[in-house]
Amino acid sequence: MDQLTLNNGKQIPQLGLGVFLVQDSADLKQSVDDALKDGYRHFDTATIYHNEAWVGEALAQSDVKREDLFITSKVWNNNTTYDETMAAFKESLKKLQTDYLDLYLIHWPSEGYTEKWRALEDLYNDGQIKSIGVSNFEQPQMDKLLTTAKIKPAVDQIETHPYFQQKVLHEYLTGLNIAHEAWGPLGQGKSGALEDATLKQIADAHQKSIAQVILRWHLQRKIIVIPKSIHAERIAQNIDVFDFTLSDAEMTAIAGIDKNRRGSADPNDEGWLKESLSMN
Ligand code: NAD
């Protein structure tokens, strides 16, 4: 498994398992077990996924040592203050059956994010989180955060896939030495990228699937990926991407299929950010 070094010197496995929308405890347990067997060590959950406790259970029951795992969770938008963020973090630790997280993210740039960041900084300084970051932050929100932050985010987790490549934000984050982590790396199975003709041609040339080519493309852009699947075969396939390389010409061809088409919520949509404060 390739590792990336974050701006605080900590390492992150460049590929992990996402568990968004896994709402059945047996499916969750089975997919974490399958992933661990295949060599996954990095797991991405969030309070709002309502499955942290099952992730915690599955990891606690495995024979992989805690120090060999990389666990990410995220504080949800209904927590808007320093104290609420502290309380939410403690709850996540309890559910995940651990006394520290490898990465904890502010899920969206919604109300109170600079206050929430202060809480993450204190938890980081206290050793309870090894790296802190944000999610769904675009340049204006990051610029604002950086005016008060004492610690620079290590990661920004943002929607990124072949039809929404985030080229401008990628350059901005790279310039700041903030790691770009892709959520929805496969276009959430709904962007159309998994049926793209250019990707199919490249996949056939390497005797790989389109999903594998997409994940390989992310890795070569130095992006962290957390593809989600509950199917053993796909979980195995999604980590089997370290034995081939896309050529410069193939990388350029993939850059050319970008449609700049977002598939999910927009961090610039103030109405949605407001609504999300009451979701839990
Ligand atoms: P994804 O891009 O990982 O797509 C998952 C879907 O792709 C699956 O449901 C399946 O339909 C398909 N798929 C998976 N493997 C495949 C394969 N080998 N071949 C063909 N199809 C395959 O989408 P996602 O789950 O939304 O994103 C990944 C993770 O990112 C999530 O599970 C979650 O952990 C995180 N996430 C974070 C945010 C955020 O706001 N920070 C938002 C969404 C997701």
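What you see is a predicted model; the values in this text were computed from it and never measured.

J.: Is there a simple way to think about the environment of Q207 in this case?
T.: Inspection of the secondary structure puts Q207 in the loop between helix 7 (197–206) and helix 8 (210–220). What makes Q207 exposed here is its relative accessible area of 75%. Remark: the alpha-carbon pair of Q207 and V241, spanning 34 residues in sequence, is separated by 11 Å.

J.: Hey, could you run me through the pattern of salt bridges in this one?
T.: Pairing between side chains becomes possible if they bear opposite charge and their charged atoms approach one another. For the coordinates displayed, the defined rule picks out twelve salt bridges. Measuring nitrogen to oxygen at the nearest pair gives 3.9 Å for the salt bridge that ties K37 to D34. Here K37 pairs with D34, and both are found in helix 1 (residues 25–38), just three residues apart, close to one helical turn. Judged by its relative accessible area of 67%, K37 falls in the exposed class. K208 serves as the salt-bridge partner of D243, at 3.0 Å between the closest nitrogen and oxygen.

J.: Help me out: how do you make sense of the packing of helix 3 (residues 82–95) against helix 4 (residues 113–125) in this one?
T.: Each pair of packed helices gets described by two things: the angle between the helix axes and the distance between those axes. Two elements in contact, helix 3 and helix 4, have axes whose closest approach is 8 Å; the angle formed by their N-to-C orientations is 50°. The orientation of helix 3 relative to helix 4 falls into the category oblique. In this structure, the crossing between helix 3 and helix 4 has a hand that is right-handed. Along the contact surface, helix 3 presents Y82, T85, M86, F89 and K90, while helix 4 presents E115, K116, R118, A119, L120, D122 and L123.

J.: How should I be thinking about the site of the ligand in this particular structure?
T.: In the region of the ligand, 26 residues are neighbours, and D44, S135, L186, Q188 and N238 sit closest. Here an oxygen atom of the ligand and a backbone polar atom of G187 are 3.4 Å apart. Within the side chain of Q188, a nitrogen or oxygen atom sits 2.7 Å from an oxygen atom of the ligand. Contact with the protein chains hides 88% of the accessible area of the ligand, taken as 830 Å² for the molecule alone.

J.: What is the right way to read the environment of I210 from this model?
T.: Here I210 shows up in helix 8. I210 gets classed as buried once you look at its relative accessible area, which sits at 10%. C-alpha separation for the pair I210 and L199, spaced eleven residues apart in sequence, amounts to 5.9 Å. Once residues within four sequence positions are removed from consideration, I210 is found in contact with A193, L194, E195, D196, L199, K200 and A203.

J.: I would appreciate a short explanation of helix 10 (residues 248–255) in the present structure.
T.: Since there are 3.6 residues in each turn of an α-helix, residues three or four apart along the chain are aligned in direction. Every buried residue of helix 10 is listed here: E250, M251 and I254. The arc that holds the buried residues of helix 10, viewed along the axis, is 100°, so those residues lie on one side. Turned more than 90 degrees away from the buried face of helix 10 sit D248, A249 and T252, all of them exposed. Buried-residue contacts for helix 10 involve helix 7 and helix 8.

J.: Explain the sheet that holds strand 5 (residues 70–75) to me, please; I cannot follow it from the model alone.
T.: The pairing of strands in a sheet happens through backbone hydrogen bonds and is either parallel or antiparallel. Overall, parallel pairing links the eight strands, which are arranged 3-4-5-6-7-8-9-10 in an open sheet. In the strand order of this sheet, the two ends are held by strand 3 (17–18) and strand 10 (224–225), each with one partner.

J.: What exactly am I supposed to notice about empty space enclosed by the protein here?
T.: In this approach the atoms are scanned with a rolling probe the size of a water molecule, which exposes any empty space left behind. All told, the structure shown has one cavity of 30 Å³ or more when counted by the stated rule. Quantified by volume, the largest cavity comes out at close to 40 Å³. Lining the largest cavity are N136, E138, I158, E159, Q166, L169, W183, R262, A265 and P267. Taken together, the residues of the lining of the largest cavity sort by class into five nonpolar, two polar and three charged.

J.: Just checking my understanding: could you explain the layout of surface pockets for this structure?
T.: Of the volumes computed, that of the largest pocket is approximately 890 Å³. The wall of the largest pocket is formed by 38 residues, among which F20, G184, Q188, G189 and K228 lie closest to the centre. Looking at the lining of the largest pocket, the element that brings in the most residues is helix 9 (residues 232–239), giving three residues. In the lining of the largest pocket, the residues fall into 18 nonpolar, 15 polar and five charged. There is about 210 Å³ of room inside the second largest pocket. Surrounding the second largest pocket, L4, T5, L6, N7, H170, T174, N177, I178, A179, H180, R221 and K222 form its lining. Of all the elements in the fold, those that place two or more residues in the lining of the second largest pocket are strand 1 (3–5), helix 6 (167–176) and strand 9 (179–183).

The rules behind the values
- Numbers given to residues run from 1 along each chain, matching the order in which its sequence is written.
- A pLDDT threshold of at least 70 governs which residues receive local features in this predicted model, and a stricter bar of 80 or more applies before side-chain atom pairs are shown or counted, although totals over entire chains, interfaces and linings include all residues.
- Calculation of side-chain values draws on the structure's entire complement of heavy atoms; hydrogens and water are dropped beforehand.
- Think of it this way: any DSSP run of H or I at least four residues long counts as a helix, any run of E at least two long counts as a strand, and we number them from the N terminus.
- Summary of the burial criterion: residues with accessible area below 20% of their type's maximum are buried, those above 50% are exposed, and those between are partly exposed, where the area comes from a 1.4 Å probe applied to protein chains only.
- Any Lys or Arg side-chain nitrogen located within 4 Å of an Asp or Glu carboxyl oxygen qualifies as a salt bridge.
- With axes taken as lines fitted to C-alpha atoms, and helix axes fitted only over the stretch in contact, angles between N-to-C directions fall between 0 and 180 degrees.
- Roughly parallel means an angle under 35 degrees; roughly antiparallel, over 145; roughly perpendicular, 65 to 115; everything else is oblique.
- What makes a crossing left-handed is the near helix being turned counterclockwise from the far one by less than a right angle; a clockwise turn instead makes it right-handed.
- Note on contacts: a residue pair qualifies if any of its non-hydrogen atoms lie within 4.5 Å across the two residues.
- In this text, near means that some heavy atom of the residue lies within 4 Å of the molecule or strand in question.
- Polar contact criterion, stated in full: a pair of N or O atoms within 3.5 Å, where within protein one must be able to donate a hydrogen and the other to accept it, and residues adjacent in sequence count only if both atoms are side-chain atoms.
- Only the protein chains shown count as covering a residue, and every accessible area follows the Shrake-Rupley method with a 1.4 Å probe.
- Think of it as the arc spanned by the lines of direction from the helix axis to the C-beta atoms.
- Any two strands are treated as partners once DSSP identifies two or more bridges connecting them.
- Every definition here rests on a 1 Å grid over the protein atoms only: cavities are sets of points where a 1.4 Å probe fits but cannot get out, pockets are open sets enclosed by protein on both sides within 12 Å along at least five of seven lines, and lining residues have some atom within 4 Å of a point.
- Grid points are joined across faces, edges and corners, and a volume is the space filled by probe spheres set on the points.
- Gly counts as polar in this scheme, as do all residues outside two lists: the nonpolar Ala, Val, Leu, Ile, Met, Phe, Trp, Tyr, Cys and Pro, and the charged Asp, Glu, Lys and Arg.

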